[in-house]
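A structural walkthrough
Take a look at the letters that make up each chain.
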Amino acid sequence: MVMLWWWDGPGSIRTPATAWKSARLVVERDDPGVLDAVEWNDLVRVGVASEPGRLDAWWRGVAEAYSSSTNVFQVCSTYGEVAFDAVLATGPLSVCVLQRSRMGEVRDGVRRRVAFDPDLEVAVTDGAAWDVLRRVLPPLKVMRADPKTTAWRDIRPVKLDEQAHAEVAAYAREHPDVPLRQVLHRIWLPAEVKQVLSSEAMTVWVQTVTVGERVGVGMECFLASGEQLFRVGRGRPPSWQQVQPGDLGAAFRWAVTGGAGMIERFQKGVV
């Protein structure tokens, strides 16, 4: 059964992952024959198709918008034992497809997803793409705050020196089953660094802008610890910036705008 509800404007529908995959295949191949009778009956049963061989008009429009987007964000968020993996395809109609999973097993020092929700959540908006991104972020006010760029004077740098970084990395490699929070208690580190490294929530996105054979890629990562928000810097050793609530949303808004500008430059052959 398909359930429909509303949240801050964008429509959201839960549907089986297999149904979404089939709908995209029909749209991308432009051929109803890519599905057999059983698959079409499954789509009719969950409301993605109006009849065998014909996708529901709403679902066709959503799949077409998703597949034709040239400014796409792959977003991964974690909060406690829950992971939120989403693909957000931006455009006149922005489509965000989310799958939830549970984190558990630690292997080679990395936590793995051990259980997946069989349903996807598909959210759509013809307004700001931020409206559908916000719903797949960890449920913390500091991460979901309305977009607002942090003033330079309010940014606080947090750095981890080379020696401390090496000690943390070495201990984590030697004790892959020890949670990071316990590792941090066994190694001396500045208090603000421990706060960053023991963050309860994380969001990272990889943005891909594609026009023909031209591709542009960008990435951002944010961590939250209590009421503190940190933006991850690039390079080694790791560095962070403590920023104000709203900075995540502002960074995403700039990324969407910058991606649209890059698409225009690609089309003109400027880049």
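Residues numbered from 1 in each chain as written. Predicted model: local features only at pLDDT ≥ 70, side-chain atom pairs only at ≥ 80, totals over all residues. Heavy atoms only, no water.

**Here we look at the overall build of the protein chain**
A tally of regular secondary structure across the protein chain gives nine helices and 14 strands. Within the span of the protein chain, comprising 271 residues, buried residues form 41% of the whole. In the protein chain, the share of contacts with a sequence separation of at least 24, taken over all contacts with a separation of at least 6, comes to 56%. Accessible surface, the protein chain as shown: approximately 14,700 Å² in total, 53% of it carbon and sulfur. (Helix = DSSP H or I, 4+ residues; strand = E, 2+ residues; numbered from the N terminus. Buried < 20%, exposed > 50% of the residue type's maximum accessible area, 1.4 Å probe, protein only. Contact = heavy atoms within 4.5 Å. Areas by Shrake-Rupley, 256 points an atom, 1.4 Å probe, with all protein chains shown as cover.)

**Considering the environment of alanine 123**
Of note, alanine 123 is situated in strand β9 (residues 119-125). Residues alanine 123 and cysteine 96 lie 27 residues apart in sequence; the distance between their C-alpha atoms is 5.2 Å.

**Notes on the packing of aromatic side chains**
By the definition in use, this model includes eight aromatic pairs. Ring geometry for tryptophan 130 versus phenylalanine 252: centroids 6.5 Å apart, planes at 45 degrees, classification tilted. Linking tryptophan 130 in helix α4 (residues 130-133) with phenylalanine 252 in helix α9 (residues 247-268), this pair joins segments that are 122 residues apart in sequence. Under the relative-accessibility criterion, tryptophan 130 is labelled buried at 7%. Among the aromatic side chains, those forming a connected cluster through ring pairs are Phe73, Trp130, Trp205, Phe222 and Phe252. (Phe/Tyr/Trp six-rings, centres within 6.5 Å; stacked < 30°, edge-to-face > 60°.)

**Details of the nonpolar core**
Counting 28 residues, the largest nonpolar core has Leu133, Met143, Trp205, Phe222, Leu248 and Phe252 as the members making the most contacts within it. Among the secondary structure elements, those contributing two or more residues to this core are β5 (71-79), β6 (82-90), β7 (94-107), α4, α5 (141-144), β11 (201-211), β12 (214-225) and α9. Top contributing element to this core by residue count: α9, with four residues. Ignoring sequence-local partners within four residues, the contact set of phenylalanine 252 consists of Phe73, Leu88, Ala129, Trp130, Leu133 and Trp205. Counting residues in each nonpolar core, the second largest holds 25 residues, with Val48, Trp59, Val72 and Val122 among its members. (Core = buried A, V, L, I, M, F, W, Y, C linked by side-chain atoms within 4.5 Å.)

**Here's the deal with the pairing of β6**
With nine bridges connecting them, β5 and β6 associate as antiparallel partners. Paired with tyrosine 79 across the two strands is valine 82, which belongs to β6. (Pairing = 2+ DSSP bridges.)

**Some thoughts on helix α3 (residues 57-68)**
In a regular helix each residue adds 1.5 Å, so 12 residues correspond to 16 Å; α3 covers 16 Å between its end C-alpha atoms and thus fits that length. Buried residues of α3: Trp59, Val62, Ala63, Ala65 and Tyr66, and no others. For α3, the angular spread of buried residues about the axis comes to 160 degrees, placing them on one side. Among the exposed residues of α3, those oriented more than 90 degrees off its buried face are Ala57 and Ser68. Measuring from the side-chain oxygen of the N-cap residue of α3 to the backbone nitrogen of tryptophan 58 gives 2.9 Å; that N-cap residue is aspartate 56. (Expected span 1.5 Å × (residues − 1). Arc of directions from axis to C-beta. Polar contact = N/O pair within 3.5 Å; in protein donor to acceptor, adjacent residues only side chain to side chain.)

**Description of the environment of proline 139**
Summarising the element assignment, proline 139 is placed in the loop between α4 and α5. Note: C-alpha distance between proline 139 and tyrosine 79 (60 residues apart in sequence) is 8.1 Å. Contacts of proline 139, omitting those with residues within four sequence positions, involve Tyr79 and Arg144.

**Topic: the pairing of β12**
Bridging between β11 and β12 involves 11 bridges; their strand directions are antiparallel. Of the residues in β12, the one forming a bridge with threonine 208 is valine 217. Linkage of β11 to β12, two consecutive antiparallel strands, is achieved through a turn of two residues, within which glycine 212 is found at a positive phi near 60 degrees. Where β12 meets strand β13 (residues 228-232), four bridges bridge the pair, whose relative direction is antiparallel.

**Describing the pattern of salt bridges**
Applying the stated rule across the entire model yields 13 salt bridges. The salt bridge partner of arginine 24 is glutamate 28, with a shortest N-O separation of 3.1 Å. One end of the pair is arginine 24 and the other is glutamate 28, both in helix α1 (residues 17-29) and four residues apart, which spans about a single turn. The exposure class assigned to arginine 24 is partly exposed, which follows from its relative accessible area of 26%. Overall, the relative accessible area of 45% leaves glutamate 28 in the partly exposed class. Among the ionic pairs, arginine 54 bridges to glutamate 51, the shortest N-O distance being 3.9 Å. (Salt bridge = Lys/Arg side-chain N within 4 Å of Asp/Glu carboxyl O.)

**Focus: the packing of α1 against α3**
Where α1 contacts α3, the two axes come as close as 9 Å, and the packing angle between them is 75 degrees. The pairing of α1 with α3 is recorded here as roughly perpendicular in orientation. On α3, the residues touching Trp20, Ala23, Arg24, Val26, Val27 and Glu28 of α1 are Trp59, Arg60, Val62, Ala63, Glu64, Tyr66 and Ser67. Looking at side-chain class alone, the contact of α1 with α3 contains eight nonpolar, one polar and four charged residues. (Axes fitted to C-alpha atoms, helices over the stretch in contact; angles between N-to-C directions. Parallel < 35°, antiparallel > 145°, perpendicular 65-115°, else oblique. Nonpolar A, V, L, I, M, F, W, Y, C, P; charged D, E, K, R; others polar.)

Interpretation note: all reported values are geometric properties and have no functional meaning in isolation.
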